[in-house]
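Survey of secondary and tertiary structure
Chain by chain, the residues run as shown.
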Amino acid sequence: LNGHAVPSCLSLTFMFLLHILDMCMSESHHAECPESCFCSESVDGGLMVRCRDMNLIAVPRGLPNNTRHLYLDNNLLFTIPSDSFIGLPLLFKLDLSHNRLVHLEPGAFRDQADSLSSLDLSFNLLETLDPEAFGDLRAQTNLSHNPWLCDCRLQLAMPQLLLDPSSLAEVVCNTSEPEELGAHGMPFILVATDLDFCAALRRTTDFAMLVTMFGWFTMVISYLVYYVRHNQEDAIRHLEYLKSLPNRQGRSGESLTRSTWL
């Protein structure tokens, strides 16, 4: 019996030590958790970090690099700087809904192109999409309930986005420019196939170029007229001077002849 008891005790001791080690590792993960967040183990590995309803005005610093799910919804975020999620290569799901986002800086999700699968930007104050902010991101993105401005800028940006195509169907026009296109309340990908939001801008640009060219043309003509008039006066003075030269030579010859006879 004693012979069997020793291995059993060793086995129990080994299991107990593994449990203690696991608890220590778990506590070390929680120690890395920002003050305004709550961290727990994710079922698919890594950490689940919840920072919702904390009145945050900026993305917390020092997020664990093994963060898998990050919830920043229901805060007061105004913008997402380009370095907000650097060092989070495992980030799979990111919830930024119900904030006050009006701007996403270029490169905001640069480190998440290969890992991020779900991005929630719904219920914010976004008016346009900047391709440089999303980069090579192909995530399924919730873009609903934003005051989208359907204009030439958005029409040029759409083809450059690599997001899941179904994401773009949630971009519904809140306003349009020009307003007479009547895109209010319509999904942008539907109206953009029939309407040219850049036509008015091109007309404005063409008119501006025409005015500029006319201004330069007027300046050139004015300069030529001034140049001709100025040089014409000089030419007349030179011509009068040349006309006077033979008379002076004639008088000089006549005086010389008289002197000879005398």
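Per an unreviewed UniProt entry, the protein chain goes by LRRNT domain-containing protein and derives from Cyprinus carpio.

1. Focus: the state of the cysteines
Tallying each qualifying case throughout the model produces 4 disulfides. The disulfide that involves cysteine 150 links it to cysteine 173, with 1.9 Å between the sulfurs. Between cysteine 150 and cysteine 173, the disulfide has an S-S torsion of -100 degrees and is therefore left-handed. With cysteine 150 in strand β9 (residues 148–150) and cysteine 173 in strand β10 (residues 173–176), the pair connects residues that are 23 residues apart, well separated along the chain. The same class applies to cysteine 150 and to cysteine 173, which are both buried. Residue cysteine 152 pairs covalently with cysteine 198 via a disulfide, S to S 2.0 Å. The sign of the S-S torsion, about 95 degrees, decides the handedness of the disulfide formed by cysteine 152 and cysteine 198: right-handed. Note that cysteine 152 is positioned in helix α3 (residues 152–157) and cysteine 198 in the loop between α5 (188–191) and α6 (199–261), a separation of 46 residues in sequence. For cysteine 152, a relative accessible area of 9% gives the class buried. Residue classification places cysteine 198 among the buried positions, given a relative accessible area of 7%.

2. A closer look at the UniProt feature "domain: LRRNT" (unreviewed entry) in the protein chain
Under the UniProt annotation, "domain: LRRNT" (unreviewed entry) lies at residues 32–69. The annotated region residues 32–69 carries 0% helix and 29% strand content, and the separation between its end C-alpha atoms amounts to 15 Å.

3. Remarks on the environment of glutamate 127
On the secondary structure map, glutamate 127 appears in the loop between β7 (118–120) and α2 (131–134). On the accessibility criterion, glutamate 127 (42% relative accessible area) is partly exposed. Considered as a pair, glutamate 127 and tryptophan 148 are 21 residues apart in the sequence and their alpha carbons are 4.0 Å apart. Those residues in contact with glutamate 127 that lie beyond four places of it in its chain are Pro147, Trp148 and Leu149.

Reading the values: the criteria
- Counting starts from 1 at the beginning of each chain's written sequence and moves along it residue by residue.
- Note on the predicted model: pLDDT of at least 70 is required for a residue's local features to be given, and 80 or more for side-chain atom pairs to be given and counted; whole-chain, interface and lining totals, by contrast, use all residues.
- Side-chain numbers come from the whole structure's heavy atoms, not from hydrogens or water.
- A pair of cysteine sulfur atoms is labelled a disulfide when the two atoms are within 2.5 Å.
- Secondary structure follows DSSP: runs of H or I at least 4 residues long count as helices, runs of E at least 2 residues long count as strands, and numbering of each begins at the N terminus.
- Exposure is judged per residue with a 1.4 Å probe applied to protein chains only, and the accessible area is read against the type maximum: over 50% gives exposed, under 20% gives buried, and values in between give partly exposed.
- UniProt positions are given in the numbering used here, feature names are shortened, and annotations may be inferred rather than shown by experiment.
- In this analysis, two residues are considered to be in contact whenever any of their non-hydrogen atoms come within 4.5 Å of each other.

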